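Listed here are the chains, written in short residue letters.
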Amino acid sequence: MRRYNKILVGVDGSNESSFTFEQACEFAVDQNATLYITTVIDTKTFATIERFDRQIVRKAEEQGYDTLNRFKEQALEKGVPKVETILDFGSPKVRITRHIAPNNNIDLIMAGATGANRVERMVIGSVSEAIVRHAPCDVLIVRWDRQLPSEGNELPEE
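All figures in this text were calculated on a predicted structure; none of them were measured in a lab.

Enquirer: When you look at unusual backbone geometry in this model, what are you seeing that I'm missing?
Expert: Trans peptide bonds make up the majority, and among non-glycine residues the majority have a negative phi. With a phi angle near 55°, N32 is a residue other than glycine that sits in the positive phi range. Along the polypeptide, N32 turns up in the loop between helix 1 (15-31) and strand 2 (34-41). For N32, a relative accessible area of 58% translates into the label exposed. With a phi angle near 50°, N105 is a residue other than glycine that sits in the positive phi range.

Structure follows, in structure tokens:
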């Protein structure tokens, strides 16, 4: 099995990203790898709001740091040997694949199958799909709506 030294996981507050984070922690412990936890604040969503509330970006940044620190503490409690956090701004699709992963020499990105509903995926596309297509490293897609065989469940027969 290939060894991974630097694993990247994105968190956005969704149930799926939390589940993916849990899986990334287990994988990082197993691989004795550094876990990079990132939150990318999509600035497109602030374009119209910022005209009315100039503090919105500052508030989002504070919330992003709080979220990252909370996840970092959880990862360390789970035994992850080394944890780094990255807060970034822009399109998650672009920032993760073209900036965060290459700039940190990430060798595995773990992403949830999807955090958006069907309509959002049709309109804006899936971040996970973009990561799979454009990542400079291996990508592991985690499905959160299924129980794992390691939890004492058998895989369904086909």
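Enquirer: Any chance you could explain the environment of A60 here in plain terms?
Expert: Its place among the elements puts A60 in helix 2 (residues 56-77). Residue A60 is classed as buried on the basis of its relative accessible area, which comes to 15%. Residues A60 and D42, 18 residues apart in the sequence, show an inter-C-alpha distance of 9.9 Å.

Enquirer: I'm lost on the packing of aromatic side chains in this one. Help?
Expert: Each aromatic ring pair is described using two quantities: the centre-to-centre distance and the angle formed by the ring planes. Within the structure shown, the criterion is met by 2 aromatic pairs. Relative to F27, the ring of Y4 lies with its centre 6.1 Å away and its plane at 45°, an arrangement referred to as tilted. With Y4 in the segment before strand 1 (6-10) and F27 in helix 1, the pair connects residues that are 23 residues apart, well separated along the chain. Assigned by exposure class, Y4 and F27 land together as buried. With a centroid separation of 4.7 Å and 75° between ring planes, the pair formed by F21 and F71 is classed as edge-to-face. A residue pair is termed long-range when its members are at least 10 positions apart, and F21 in helix 1 and F71 in helix 2 qualify at 50 residues. No difference in accessibility class separates F21 from F71, as the two residues are buried.

Rules and cut-offs
Residues numbered from 1 in each chain as written. Predicted model: local features only at pLDDT ≥ 70, side-chain atom pairs only at ≥ 80, totals over all residues. Heavy atoms only, no water. Helix = DSSP H or I, 4+ residues; strand = E, 2+ residues; numbered from the N terminus. Buried < 20%, exposed > 50% of the residue type's maximum accessible area, 1.4 Å probe, protein only. Phe/Tyr/Trp six-rings, centres within 6.5 Å; stacked < 30°, edge-to-face > 60°.

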